[in-house]
Amino acid sequence: MVEAVLIDLFSLPANLQNNIQRLLCNTLETIEKCSSVHAPFVYVMCCQRQGSERKGEQEFLLPALGGFQSLKRRLEVVHALTTAAALYSIKQRLDEKDLSIIKVFLPTLRKDLMKAYLDHLFTAVYQFEFEDLQVVSDSDSDPNLQISEPQGEGQGLTSQDMAVIQSEIQMHLESLPSLNGELTILRSSLIPDDTFLHGFTTRTGGISYIPTLSSCNLFSSSKRRDPQVVVKENLRRLANAAGFNPEAFHRVKIDHANAVCIMGKTEPDSYDGIVTDQKGVTLAAPGADCIPVLFADPVRKVCGAAHSGWKGTLLGVSMATVNAMVSEYGCNMKDILVVLGPSVGPCCYKLPHESAEEFHRIDPKCVRLFDSASPYIDIRRATRILLERGGVLPKNIQDDSITDQNQNITFCTACHPDKFYSHFRDGTNFGTQIGFISIKD
């Protein structure tokens, strides 16, 4: 069942007001006839041309909208200077209502163009159907992008057209204000800042507006509503604040295992640890309950990052990352510093008893209420124990056991909804923070 309808009048010439009214009436009649039981939300997308008043443009559309009582409260005209701005505004309205199935009425020559915008601004969460508006094409109809008659399926846009679309989207996203406070980065006093640039992000200072993703979400997937372009803009803002190059940014490819990527060698299909001795390259590990772990050797000038969930912790991903630094770059185990970032704490994290038994075998203190069906688990303590057993000095590991709580950065993500994302707390459409590190030039 269609949940929302988008009528694209953006490309139509401003001097065809009568034609637009007739076209809109016909389209709304079609929607009303097909939606006798459930009236969808309807968004009419129009161009707000430079120098024109929004009110004046709405007035000529009002006669076309007045007769549709079943749609009256569900119909909205959205004006914007660019297609990107209009679609992003409509996306916000869809997300507020948790709508995902959208029918798009648009001129035939806009279809390839619209699909390109939708591919960038939406994810696989949304389903789009397309229906043609029968309008005569006009070479001056879209002031933002001129497109030629499509020559065949998928051939309507050139690489130059795509570059213009991407640039328009990027410019719009860059113009948006930051949400929910300033961008904040947590830093460890253990890692020397004269050699390394590093930090752990919090959830403020980005542009993601969906409550569970707001606002500096740094991960996009087909199952979430934040598209890659929004995550890229959040990353750009983080890079500007932290001082690293977002074009030299490498994030682990999560597999919840213990494989480690060596920068400069063949990249595995998936890995939860990554190490390098290259200056200016920023390594990152995500976390939204799982631990983002950072590694630094100030003597050999080597760094690393790892993503350690409960499975990766049991498989020893942190120690595997340390071992890669030793074997690949000649690091001395005694020089390696390890910092555990914000992650779900033993106060909140539960696992089934069968999984808890494996943590109990590492150390009984890693499990609380062991005899219950779902005991509480301390994946941080387990990580520290495995690192110490592997040869990392206890004083070179920073976690929530730190004596001076003013220096603590290993907060419980589930306990601090104002500061951090949490899968455990927020459900499937959760946001993600990261830990990042690089070697300064």
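Under an unreviewed UniProt entry, the name given to the chain is Purine nucleoside phosphorylase LACC1, and the source organism is Smithornis capensis. The Subunit (unreviewed entry) comment attached to the chain in UniProt states, word for word, "Interacts with FASN. Interacts with SDHA. Interacts with ATF6, EIF2AK3 and ERN1." Comment text from UniProt for the chain, heading Sequence similarities (unreviewed entry), reads "Belongs to the purine nucleoside phosphorylase YfiH/LACC1 family."

Digging into the state of the cysteines
Summed over the entire model, instances satisfying the criterion amount to zero disulfides. This cysteine, C303, is not joined by any disulfide, and C331 carries the nearest cysteine sulfur, 9.8 Å off. With a relative accessible area of 0%, C303 lands in the buried category.

What about the pattern of salt bridges?
Between side chains of opposite charge, pairing is possible as soon as their charged atoms come close. What the rule picks out here adds up to 18 salt bridges. In this structure, the salt-bridge partner of R225 is D95, at a minimum N-O distance of 2.6 Å. Remark: D95 occurs in helix α5 (residues 83-96) and R225 occurs in the loop between β7 (196-201) and α8 (228-242); sequence separation between them is 130 residues. Classification of R225 as buried rests on a relative accessible area of 7%. On the basis of relative accessible area, D95 is assigned to the buried category, the value being 11%. Note that R384 is salt-bridged to E388, the shortest N-O span being 2.9 Å. Of this pair, R384 and E388 both sit in helix α12 (residues 379-390), separated by four residues, roughly a single helical turn. By relative accessible area, which is 32% here, E388 ends up partly exposed. Salt bridges sharing partners connect three or more residues here, namely K91, D95, D98 and R225.

Observations regarding the confidence of the model for the chain
In the predicted model, the chain carries a mean pLDDT of 89, and 88% of its residues have values of at least 70. Under a pLDDT of 50 for its full length, residues 136-154 has, in the predicted model, 37 contacts with residues more than four places off or in other chains.

Brief notes about empty space enclosed by the protein
Enumeration according to the criterion identifies one cavity of 30 Å³ or more in this entry. Quantified by volume, the largest cavity comes out at close to 40 Å³. Lining the largest cavity, in full, are S308, G312, T313, G316, V317, S318, M319, T383 and L386. At the level of elements, α9 (310-314), α10 (317-329) and α12 are the ones that each hand at least two residues to the lining of the largest cavity. Among the elements that take part in the lining of the largest cavity, α10 stands out by supplying three residues, more than any other. Residue classes in the lining of the largest cavity are distributed as three nonpolar, six polar and no charged.

Calculation rules
- Residues numbered from 1 in each chain as written.
- Predicted model: local features only at pLDDT ≥ 70, side-chain atom pairs only at ≥ 80, totals over all residues.
- Heavy atoms only, no water.
- UniProt positions renumbered as here; feature names shortened; annotations may be inferred.
- Disulfide = S-S within 2.5 Å.
- Buried < 20%, exposed > 50% of the residue type's maximum accessible area, 1.4 Å probe, protein only.
- Salt bridge = Lys/Arg side-chain N within 4 Å of Asp/Glu carboxyl O.
- Helix = DSSP H or I, 4+ residues; strand = E, 2+ residues; numbered from the N terminus.
- pLDDT = per-residue confidence, 0-100.
- Contact = heavy atoms within 4.5 Å.
- 1 Å grid on protein atoms, 1.4 Å probe; cavity = no way out; pocket = protein on both sides within 12 Å on 5 of 7 lines; lining within 4 Å.
- Points joined across faces, edges and corners; volume = space filled by probe spheres on them.
- Nonpolar A, V, L, I, M, F, W, Y, C, P; charged D, E, K, R; others polar.

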